[in-house]
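Structural overview
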Amino acid sequence: MSTLRPLVLLGSATLLLAGCADPSEPTGSSAGASSASATASTSAVAENATLSAKVPPAVKASGITVASDVSYPPMNFFAADNKTVTGAEADLDTALGTVLGVKVTIVNVPFDSIIPGLQAGKYQVGISSFTDTAEREKVVDFVTYFNAGTSLLVPAGNPEGLKPEGDSLCGRTVAVAKGSTQALVDLPARAKTCKTPIKVSTFPDGTGVNLAVTSGRADAALGDSPVAAYAAKQSRGKLDVSGDSYGNAPFGIAVPKNSELTGLLKSALDDLKASGGYKQILAKWGLESGALDDFEINAAS
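Residues numbered from 1 in each chain as written. Predicted model: local features only at pLDDT ≥ 70, side-chain atom pairs only at ≥ 80, totals over all residues. Heavy atoms only, no water.

Applying the stated criterion across every chain yields a total of seven salt bridges. Its salt-bridge partner being Asp91, residue Lys284 comes within 2.9 Å of it at the nearest N-O pair. Of this pair, Lys284 sits in helix H9 (residues 277-284) while Asp91 is found in helix H3 (residues 88-100), placing the two residues 193 residues apart along the sequence. On the basis of relative accessible area, Asp91 is assigned to the buried category, the value being 5%. Arg172 is the partner of Glu160 in a salt bridge, and the nearest nitrogen-oxygen pair spans 3.2 Å. Taken together, the positions of Glu160 in the loop between strand E8 (140-155) and strand E9 (173-177) and Arg172 in the loop between E8 and E9 put the pair 12 residues apart, joining distant regions of the chain. Looking at Arg172, the relative accessible area reads 23%, which means it is partly exposed. (Salt bridge = Lys/Arg side-chain N within 4 Å of Asp/Glu carboxyl O. Helix = DSSP H or I, 4+ residues; strand = E, 2+ residues; numbered from the N terminus. Buried < 20%, exposed > 50% of the residue type's maximum accessible area, 1.4 Å probe, protein only.)

Moving on to unusual backbone geometry. Residue Pro74 is reached from Pro73 by a cis peptide bond, and omega for that bond is 10 degrees. With a phi angle near 45 degrees, Asn158 is a residue other than glycine that sits in the positive phi range. Note that Asn158 resides in the loop between E8 and E9.

Next up on the list: the confidence of the model for the protein chain. A residue-level look at the protein chain finds 86% of positions with pLDDT of 70 or above and a mean pLDDT of 87. Of the regions scoring below 50 in pLDDT, residues 1-41 engages in 125 contacts with residues more than four places distant in sequence or in other chains. (pLDDT = per-residue confidence, 0-100. Contact = heavy atoms within 4.5 Å.)

The next thing to look at is empty space enclosed by the protein. Enumeration over the complete set of coordinates arrives at three cavities of 30 Å³ or more. Computed from the structure, the largest cavity encloses a volume of approximately 280 Å³. Tyr72, Ala177, Gly223, Asp224 and Val227 are, among the 25 residues lining the largest cavity, the residues nearest its centre. Broken down by element, the residue count for the lining of the largest cavity peaks at four residues, all from strand E11 (residues 220-224). Taken together, the residues of the lining of the largest cavity break down into 10 nonpolar, 11 polar and four charged. (1 Å grid on protein atoms, 1.4 Å probe; cavity = no way out; pocket = protein on both sides within 12 Å on 5 of 7 lines; lining within 4 Å. Points joined across faces, edges and corners; volume = space filled by probe spheres on them. Nonpolar A, V, L, I, M, F, W, Y, C, P; charged D, E, K, R; others polar.)

Each regular strand shows side chains that alternate between the opposite faces of the sheet. For E9, a buried count of five out of five residues is recorded, marking the element as mostly surrounded by other parts of the structure. On E9, burial covers both faces: Thr173, Ala175 and Ala177 on one face and Val174 and Val176 on the other are all buried. Direction of pairing for E9 relative to strand E10 (residues 199-203): parallel, over a ladder of five bridges. In the sheet register, Val174 faces E10, and the bridge partner there is Val200. (Pairing = 2+ DSSP bridges.)

The following block contains the structure:
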């Protein structure tokens, strides 16, 4: 990639959305369908003519449909207009489209429905803080783009003294998102060492997870570290993060097995890193600590 390529602002990504949210709350809340355009403020992003030429003609014509659960700030959430999708992953979606010279359409989809939708051919890409795991790699491929762990979200002041390590969650009600790594892997592993079972409370999105804690229906919640940190910050003093994150692993862009987009997306990420666009997106959202040095395909295996 030539460093002399002209720099342009990220183009608009057409968004087909179902939901609304107040970003001042921990996460968004769902409502009716709306549509809007989002433009990232990142400037160090431009179309890569070489990569653009490799995009299959059918994809050029249709654009890339990205499935995402738009309820997890700062990764993906609705802006104050209750229409525009914003966040680090939304900016990344737009940037990847710019590099590849393709229109990007974001569709708001429940988290646990994204991978089945990819398998069924409903969407071409899933970008929604998916941890790249060997189990998920059995049905989709991943291109890694960010590193995160799991954090424990508790009521302000942590009145029960809960900790992310050890057995302090045994016998407690813990909220998690349906289909998440925390629900499928973390809590089942913890349960094996508990004398008093953990009461698992699952919710379809981040909104329900956080509200369960603030309302007292759950003693704590487990979620991705950047999402938990943002929820605590935006909770108006209702939530805290207890201890340090753990189990750090890369997030991956999910694509159907053997998709012709997989290699192109990795190359587009390499381009964004070389141009500085990748760093700018993470810096905009205070996520620099999660930056990857290298992007990999199916890193878990």
